[in-house]
2 protein chains.
Amino acid sequence: MSCTGQYVPQLRARGYRMTPQRLVILHVLHHSKKHVSPSQVYELAKKDLPGLTEPTVYRTLEFLAENGLARSSQQKNGHIAYEIAGHEHHHLVCRVCGREAEVDHALLKSMYKKLESESGYQLTDSHLTFFGLCPRCQ
Amino acid sequence: MSCTGQYVPQLRARGYRMTPQRLVILHVLHHSKKHVSPSQVYELAKKDLPGLTEPTVYRTLEFLAENGLARSSQQKNGHIAYEIAGHEHHHLVCRVCGREAEVDHALLKSMYKKLESESGYQLTDSHLTFFGLCPRCQ
DNA sequence: TATGTTATTATAAAAACTTGCAATAAGGAA
DNA sequence: TTCCTTATTGCAAGTTTTTATAATAACATA
């Protein structure tokens, strides 16, 4: 679980603490190839930390997302799933088969700029989920 | 509640039926200025149709969204709220105060085109929620 | 290392949301 | 109008997510 030690300074700097629960949840996210739901995180993390509870998982995932260590994204069913924060990207999800594609943020950068200048808002969040039909399902 | 009769043909054409429950829920959405949560819809609609149940509200809202009569949008708390489908637009939500701004879809149209041609996906859904800081909260 | 502050957790209970299924009723056909 | 098909609903029970609060433990300080 050494891979997750890198996150400690990010928390400390903000006055937050690193705990076994946060470590184990970061570890799960770090090693998941795809998004994982809160309940999946709970099941996986529980193996390494049996005392872990569900409310803690929900709160921790939200906490990690708020602090930029994780990223939340909307699923086809409306639920939220999480992944470790890596490079900025977005998701395309097929309404029919669920197939996902990743879109680099670079593709949307100019649109973000335009949106910010027109609205006066400063966009802090940069994960979007687009729904549509994948090439196979059209 | 005559204002909602306009939606009947849209359902019939797809083989679906118009029911008192759907009418009353459409009526609520039609007359709500902002997004409403499923439980808000339930409370409001129940006044006109006392027998209405919560599962029906959830199912109906999802149904209406799937069929283009309503639009769902993610809230700051991660929950989903609904509004009547009108002109295509997106939302900007302030992370701090919750203030919302509307963005016309026209502003994103070229980005959508680019996204479609690069990914091969055909984007069916066009409601996005952007999170950030509004001018007052920056 | 020992101590104090306070962020974080587990617990328990509530609220929000979903699902399966039998009963109902919308609307097409006779 | 009456009958029939099947989309839709209500009910009841389940699952998921949230909230309040008291107990715990991280870590700054001495």
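These numbers come from a predicted model, not from an experiment.

> Sorry if this is basic, but what is going on with the protein's contact with DNA strand C here?
Within the structure, DNA strand C sits among 20 residues, and Gln21, Arg22, Thr56 and Arg59 of chain A together with Tyr58 of chain B are positioned closest to it. Atoms of DNA strand C within 4 Å of the protein: sugar and phosphate make up 70%, bases the balance. With respect to DNA strand C, the backbone of Arg17 of chain A contributes an N or O atom lying 2.9 Å from a phosphate oxygen. At 2.3 Å, a side-chain N or O of Thr56 of chain A approaches a phosphate oxygen of DNA strand C. When residues of the surface near DNA strand C are traced back to their parent elements, those giving at least two are helix H2 (20–30) and helix H4 (54–66) of chain A together with helix H4 (54–66) of chain B. When the residues that make up the surface near DNA strand C are grouped by side-chain class, the tally is seven nonpolar, seven polar and six charged.

> How should I be thinking about the pattern of salt bridges in this particular structure?
Pairs can form between side chains of opposite charge whenever their charged atoms are close. Residues and elements named next belong to chain A. Scanning the model with the defined rule gives two salt bridges over all chains in all. One salt bridge in this structure joins Glu43 and Lys46, with 3.6 Å as the shortest N-O distance. You can see Glu43 and its partner Lys46 sitting in helix H3 (residues 38–48), three residues apart, about one turn around the helix.

> For this particular structure, what's the right way to read the protein's contact with DNA strand D?
In the region of DNA strand D, 19 residues are neighbours, and Tyr58 of chain A together with Arg17, Gln21, Arg22 and Thr56 of chain B sit closest. Take Met18 of chain A: an N or O atom from its main chain is 2.9 Å from a phosphate oxygen of DNA strand D. Take Arg22 of chain B: an N or O atom from its side chain is 2.3 Å from a phosphate oxygen of DNA strand D. Where the surface near DNA strand D is concerned, the elements lending two or more residues are H4 of chain A together with helix H2 (20–30) and H4 of chain B. Classifying every residue of the surface near DNA strand D by side-chain character gives seven nonpolar, seven polar and five charged.

> What is the right way to read the relation of the copies chain B and chain A from this model?
Once turned by 180 degrees and shifted 0.1 Å along the axis, chain B lies on chain A with an RMSD of 0.1 Å. The relationship between the two copies is best expressed as a two-fold rotation axis. For chain B, the residue whose C-alpha comes nearest the rotation axis is Met111 of chain B, separated from it by 3.3 Å. Interface residue correspondence from chain B to chain A reaches 100%, placing this contact among same-surface, isologous pairings.

Procedures and definitions
Residues numbered from 1 in each chain as written. Chains lettered and ligands numbered in written order. Predicted model: local features only at pLDDT ≥ 70, side-chain atom pairs only at ≥ 80, totals over all residues. Heavy atoms only, no water. Near = heavy atom within 4 Å. Polar contact = N/O pair within 3.5 Å; in protein donor to acceptor, adjacent residues only side chain to side chain. Helix = DSSP H or I, 4+ residues; strand = E, 2+ residues; numbered from the N terminus. Nonpolar A, V, L, I, M, F, W, Y, C, P; charged D, E, K, R; others polar. Salt bridge = Lys/Arg side-chain N within 4 Å of Asp/Glu carboxyl O. Least-squares fit on C-alpha atoms with pLDDT ≥ 70 in both. Contact = heavy atoms within 4.5 Å.

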